[in-house]
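Fold and geometry: a report
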Amino acid sequence: MNNLKSRLLVIGALILASLWALFPRTVVERVKRDGVFVTDTVRRVPLRRGLDLQGGMHLTLEVDESKGAIANKNDAVERALTVVRNRIDELGVSEPIVQKAGEDRILVELPGVDDPARAQAVVQKAAFLEFQITDKTQALERSLGKLDAVAAQRLPALAARTPATAGGAVAATTTPAGSTGASGGLGGLLTPGGDTAAKKTVADSAARAGKRTVAAGTSAGRDSARRDSATDTAAKLPTTKGAFSKAIISGRGPGEYVLTEADYLKLQPLLDLPEVQAAMPPGKVLRWGADTLVQGGQVYRTLYALDSRPIITGEYLTDARPASDPTEGNTVQFTLSREGGRRFQTETARHIKDFMAVVLDQRVITAPVIESAIGTNGQIRLGGGSLQAAQDLAIVLKAGALPVPLRVAETREVGPSLGRDSINKGIAAGVVAVLVVVVIMIAYYRFSGVLAVGGLALYVLYTLATLAGFNATLTLPGLAGFVLSIGIAVDANVLIFERIREELDTSKSVRTAIDEGFRHALPAIVDSNVSTALTALVLYSFGTGPVRGFAVTLLAGIAASMVTAIFVVRTFYLLWLSRARAPRALSI
Amino acid sequence: MLRIFHDTHYDFIKWWRAMAIATATFIIVGMGATLLRGGLRYSIDFTGGTLMQLAFQQKPDVAQLRAALDAGGVRDAEITQFGSDREFTVRAQDENASAGASTHGAESVARRVRDVLAQRFGASAFTVVRTEAVGPRVGSELRRGAIIAILVSFALTLIYLWFRFEWRFGLAAVIATAHDIFTTIAFIGLMHLEVSLTVIAAILTVIGYSLNDTIIIFDRVRENLRKHRGMPLYDLVNLSVNETLPRSVLTHATTLGATLALLLFAGEVIRPFAWVMAFGIFTGTFSSIYVASAILIWIERRYPRPAVDARRAPAARPAVRPDRTLAAS
């Protein structure tokens, strides 16, 4: 009896754990709204759907060695990974996956991406690093009037319209001296307006624009929802008059300004308009800082006014490494090439006590003050920054300095409608499969069949919970594997029931027959499941993407089916036996 | 109590010769037909290339479609209707693939197809539902990966069964599994199914399923070896197959039910998978009896087990056993 109680407790606990694992929860994620990226909280069931089920894009990038071998490939890929990840973050895709695959591949998964060409361009382009001196001439302050005028004119229109990417030709106004044409064109990639630049690099025409409308059309439902909320926020803004002058607060150094996140979201699309850049005095540009800054519960963004001509570009950077020093604190030490060192020497000598912005892909990573003329070796002191921060900066600098050319080795895109369709059909197939199995089991085994069906219900619950618990991704083959496993899941029950029947044939008592049935069926169940699990493991280790998802589902199903058939159904029997004292016959 | 195939005494193994001829014929015919057609149809997962699934607003003229693609420089594209009559897949090889230098790699063909069709039919006339583009190197790696996966799963099975049973069981099971792979490939060739990653997953599932079935029977054989000492293996295997028959029938019924549900309701993309699985249920069952069991008996004749019983029996046993062995022979 006690035994039965503890069994029931275990089952109850498993059910609770499963429900907890499957309970919808609030997730914080970055989403793209009206062309800008905001942090949003969303309720969702913790079962990740693969790209083939929700629509999106899968990219495999590989190191392009066609233009010469890369010496330290592993290291190079590691650095490329950081750049790609940063850029993907900029795309504002929710739950992106960027990981290394094999020794020279990077795997990128972008759920719900509606402009694959742009995503691809952003991911593929070489990172671009510039050192620019911050503006000392109050250029921004002098231009505020003009900027406010532009804002007053454009903000209402922007709010009413959709993605700010429609902002027209932006083109990096900063074609850096000495940089190659290719990297010059990359300038605008990361800011949303840079889309245009990205498109230019892939050399495209009107046909592309037409196609983009089509792509937007397929996801219209979801987009319009976002759009509505975006329009709402825009409508709530009191006035657009003096938008810039109101928002901008002076920062700690020359040319550095601070804005609240809300103002950033509002003004960010504006900044890339050609009018805005034109409003600035010649030779000056505005750039956003890469990081947010939290102070007193408020989130701030930094905005920099910079001399548009970079004093040096990442081409000349040969190395960057973090260092820790008792007197200096954490620093990043960098080495420049000989030519770069010469240039840097003269430029930094002219700009002592000025602030130098480290700009990666048009975002200001940091803006330290120049303390002395720097030759080929320099260091950036991070003040109170942690060693981790130094490491990150070093990685970013190196990544910017040594871009590994990447080539797209594989792309898979699935439209959202196909994904939804696949899910619906998969669920339909699953329901039918369950019905078929239920009918067969109950028709054949009667009461025991009902117990098995009860076990099957728990099997479905446990399997899904296991998948959620391991954060597995449900793919289309995975869904098929799950449906198939429903048919296979009852095999253990069938084996046990047949054994019980055999035992009953030798006119054993019901209780003994059940005990013996379970005992005799066990080796066959274990052996057959273990061998299936072995194939699933092989599939997992050699498979990619969808096939892996299939293997995971298969494994979760095997585990769940053994638990339900051996433990849960046994408990059901024990429960039944405890109710009916010394039953004469068993319906099986 | 509803019972089917209860307490049967069919002499299954008797037919092994006929079955061997039948299955060999099937494999030869299937493989022959596949070869005549120019080999298996591999998906772009393995060959590299581009596949696009397009959904048109209105039923397009396939000839026009082809003409537009040809004119747009997408040559030798394979256009197939997929699902409804408004949906098509376009499959094309990347001509520059061998050069490998194109920065945009595998994606460029997809872009060209899109642009060409947008020009010809208008951008709103169709939507691209799915695009897959695989570079040649990835393709060849995936192909190698699939073969390695199958071989490794063989090795693991052999080791596991050796450990749990005996080498002869393991060997018989692996040969039966190899047989399943050949029949499945023949089936894929006959059905003209496209071999994709999903189909490889299906083949591996078939392997798992077939093994499952074989192991259930072998487990019974192992048990009966202990229970009916001295019974000739031929009879013993027959007995075991008969005893497990009700289970086989029922499990195959439920699995086939689930597979048919997939085949009928899960949509076009999963259909090849479901076909292979459906076939796999039959070949898996067949091979458990006519390949695995038959080979087990064959191995037994060739290499009689020295003293199966002695191996498992306590050391004291042999002293009593001689007369028993005599009686049995």
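Structure's up top.
Below you will find a few notes about this structure. (Residues numbered from 1 in each chain as written. Chains lettered and ligands numbered in written order. Predicted model: local features only at pLDDT ≥ 70, side-chain atom pairs only at ≥ 80, totals over all residues. Heavy atoms only, no water.)

**Concerning the overall build of chain A**
Regarding its fold elements, chain A presents 19 helices and 19 strands. Counting over 588 residues, chain A shows a buried share of 55%. By sequence separation, contacts in chain A at least 24 residues apart represent 72% of the contacts at least 6 residues apart. (Helix = DSSP H or I, 4+ residues; strand = E, 2+ residues; numbered from the N terminus. Buried < 20%, exposed > 50% of the residue type's maximum accessible area, 1.4 Å probe, protein only. Contact = heavy atoms within 4.5 Å.)

**So, the interface of chain A and chain B**
The interface of chain A with chain B comprises 77 residues on the first partner and 78 residues on the second. Summing both partners gives a buried area of about 6700 Å² for chain A against chain B, and 63% of it is carried by carbon and sulfur. Taken together, the links from chain A to chain B amount to nine salt bridges. Asp527(A) is paired through a salt bridge with Arg222(B); the nearest N and O atoms lie 3.1 Å apart. Counting the contacts that link chain A with chain B gives 18 residue pairs in polar contact (both at pLDDT 80 or more). Of all the elements in the fold, those that place two or more residues in the side of chain A that touches chain B are helix H4 (116–124), helix H8 (206–218), strand S18 (406–414), helix H15 (416–469), helix H16 (476–489), helix H17 (491–505), helix H18 (510–542) and helix H19 (545–579) of chain A. (Buried area = accessible area lost by both parts, 1.4 Å probe. Salt bridge = Lys/Arg side-chain N within 4 Å of Asp/Glu carboxyl O. Polar contact = N/O pair within 3.5 Å; in protein donor to acceptor, adjacent residues only side chain to side chain.)

**Topic: the packing of helix H7 (residues 197–227) of chain B against helix H9 (residues 245–265) of chain B**
Each pair of packed helices gets described by two things: the angle between the helix axes and the distance between those axes. Residues and elements named next belong to chain B. With their axes 11 Å apart at the nearest point, H7 and H9 run at an angle of 165° to one another. Our classification of the angle between H7 and H9 gives roughly antiparallel. In this structure, H7 crosses over H9, and the sense of that crossing is right-handed. Of the residues in H9, those in contact with Tyr209, Asp213 and Ile216 of H7 are Arg247, Ser248, Thr251, His252 and Thr255. Tallied by class, the residues present in the contact of H7 with H9 amount to two nonpolar, four polar and two charged. (Axes fitted to C-alpha atoms, helices over the stretch in contact; angles between N-to-C directions. Parallel < 35°, antiparallel > 145°, perpendicular 65-115°, else oblique. Left-handed = near helix turned anticlockwise from the far one by under 90°. Nonpolar A, V, L, I, M, F, W, Y, C, P; charged D, E, K, R; others polar.)

**A short note on the environment of His228(B)**
With respect to the helices, strands and loops of the structure, His228(B) is situated in the loop between H7 and helix H8 (233–243). Once residues lying within four places of it in the same chain are set aside, the contact partners of His228(B) are Leu236(B) and Leu239(B).

**Notes on the environment of Arg271(B)**
Residues and elements named next belong to chain B. Its place among the elements puts Arg271 in helix H10 (residues 271–302). Exposure remark for Arg271: the relative accessible area of 25% places this residue in the partly exposed category. Sequence separation between Arg271 and Val199 is 72 residues; the distance between their C-alpha atoms is 9.6 Å. Side-chain polar atoms of Arg271 contact the backbone oxygen of Leu263, separated by 3.1 Å.

**Concerning the nonpolar core**
In terms of nonpolar packing, the biggest core is built from 137 residues, with Met441(A), Phe497(A), Ile500(A) and Tyr573(A) touching the most fellow members. When residues in this core are grouped by element, the largest group, 19 residues, is from H15(A). If we skip the residues at most four places from it in the chain, Met441(A) touches Arg446(A), Gly449(A), Ala452(A), Val453(A), Val490(A), Asn493(A), Val494(A), Phe497(A) and Leu250(B). If you look at the next biggest cluster of nonpolar residues, it comprises 25 residues, including Leu144(A), Leu267(A), Val276(A) and Leu286(A). (Core = buried A, V, L, I, M, F, W, Y, C linked by side-chain atoms within 4.5 Å.)

**Side note on empty space enclosed by the protein**
As enumerated under the stated definition, the model contains 14 cavities of 30 Å³ or more in all. Taken together, 16 residues make up the lining of the largest cavity; nearest its centre are Ile488(A), Ala489(A), Asn529(A), Ile558(A) and Ser561(A). Elements supplying a minimum of two residues to the lining of the largest cavity: H16, H17, H18 and H19 of chain A. Its residues assigned to classes, the lining of the largest cavity shows eight nonpolar, seven polar and one charged. Volume-wise, the second largest cavity comes out at about 110 Å³. Taken together, 14 residues form the lining of the second largest cavity, with Leu495(A), Arg499(A), Ile216(B), Arg220(B) and Thr244(B) sitting closest to its centre. (1 Å grid on protein atoms, 1.4 Å probe; cavity = no way out; pocket = protein on both sides within 12 Å on 5 of 7 lines; lining within 4 Å. Points joined across faces, edges and corners; volume = space filled by probe spheres on them.)

**Describing the packing of aromatic side chains**
Residues and elements named next belong to chain A. Following the criterion strictly, the structure yields 19 aromatic pairs over all chains and no others. Seen in terms of ring centroids, Phe131 and Phe334 are 6.0 Å apart; in terms of plane orientation they differ by 25°. Their pairing is stacked. Taken together, the positions of Phe131 in strand S7 (residues 129–133) and Phe334 in strand S14 (residues 329–336) put the pair 203 residues apart, joining distant regions of the chain. On the basis of relative accessibility, which here comes to 1%, the residue Phe334 falls in the buried class. Between Phe518 and Tyr573, the ring centres sit 6.1 Å apart and the planes meet at 80°, which makes this aromatic pair edge-to-face. On the criterion of sequence distance, the pair formed by Phe518 in helix H18 and Tyr573 in helix H19 is long-range, its members being 55 residues apart. Just as Phe518 is buried, Tyr573 falls in that class too. (Phe/Tyr/Trp six-rings, centres within 6.5 Å; stacked < 30°, edge-to-face > 60°.)

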